[in-house]
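# Remarks on the overall topology
Okay, here's what each chain looks like letter by letter:
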Amino acid sequence: MLPSTETCKRWRERKFIRQPHRMVIALIVATAAGIYAMLNDQPDAARLFGAIGLFFLVIYAIANYIVWKSEQPE
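Parameters at a glance
- Residues numbered from 1 in each chain as written.
- Predicted model: local features only at pLDDT ≥ 70, side-chain atom pairs only at ≥ 80, totals over all residues.
- Heavy atoms only, no water.
- Patch = residues over 30% accessible without salt bridge, like charges linked within 9 Å, V, L, I, M, F, W, Y side chains within 5 Å.
- Areas by Shrake-Rupley, 256 points an atom, 1.4 Å probe, with all protein chains shown as cover.
- Salt bridge = Lys/Arg side-chain N within 4 Å of Asp/Glu carboxyl O.
- Helix = DSSP H or I, 4+ residues; strand = E, 2+ residues; numbered from the N terminus.
- Buried < 20%, exposed > 50% of the residue type's maximum accessible area, 1.4 Å probe, protein only.
- Phe/Tyr/Trp six-rings, centres within 6.5 Å; stacked < 30°, edge-to-face > 60°.
- Axes fitted to C-alpha atoms, helices over the stretch in contact; angles between N-to-C directions.
- Parallel < 35°, antiparallel > 145°, perpendicular 65-115°, else oblique.
- Left-handed = near helix turned anticlockwise from the far one by under 90°.
- Contact = heavy atoms within 4.5 Å.
- Nonpolar A, V, L, I, M, F, W, Y, C, P; charged D, E, K, R; others polar.

Looking now at a nonpolar patch on the surface. A contiguous nonpolar surface patch, about 350 Å² in accessible area, is contributed by Leu54, Leu57, Val58 and Ile62. Residue placement: Leu54 occurs in helix α4 (residues 43–70).

Pasting the structure below:
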């Protein structure tokens, strides 16, 4: 079910995996917007930005797994 080491080595070369700063920036922006929405008593907006932040957190975790798996010996 999980990708093999060879697959992770191929995926590691993709720009999306090599440059995770975009995911981190999006996670920080979504978290800040969610906190701002909570402070201004806007629960629907806070929920939306929380979901967006969770999405980027999951994508970042998958990218880290791919890099970790590609460095493992076979």
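Read on for the rest.
All right, on to the side chain of Ser70 then. Structurally, Ser70 is set in helix α4. Overall, Ser70 belongs to the buried group, its relative accessible area being 6%.

It is worth spelling out the packing of aromatic side chains at this point. All told, the structure shown has 2 aromatic pairs when counted by the stated rule. When the ring of Phe55 is compared with that of Phe56, the centres are 5.4 Å apart and the planes differ by 70°; the resulting orientation is edge-to-face. Pairing Tyr65 with Trp68 gives two aromatic rings, centres 5.8 Å apart and planes at 40°, and the pair type is tilted. Of this pair, Tyr65 and Trp68 both sit in helix α4, 3 residues apart, which is roughly one turn of the helix. On the accessibility criterion, Tyr65 (25% relative accessible area) is partly exposed.

This next bit is on the packing of helix α1 (residues 5–12) against α4. The contact between α1 and α4 brings their axes to 8 Å, and the two run at 120°. By the angle between their directions, the pair α1 and α4 is classed as oblique. Note that α1 runs across α4; the crossing there is left-handed. Where α1 approaches α4, its residues Thr5, Cys8, Lys9, Trp11 and Arg12 are matched on the opposing element by Ile66, Val67, Lys69 and Ser70. Grouping the amino acids of the contact of α1 with α4 by side-chain chemistry returns 4 nonpolar, 2 polar and 3 charged.

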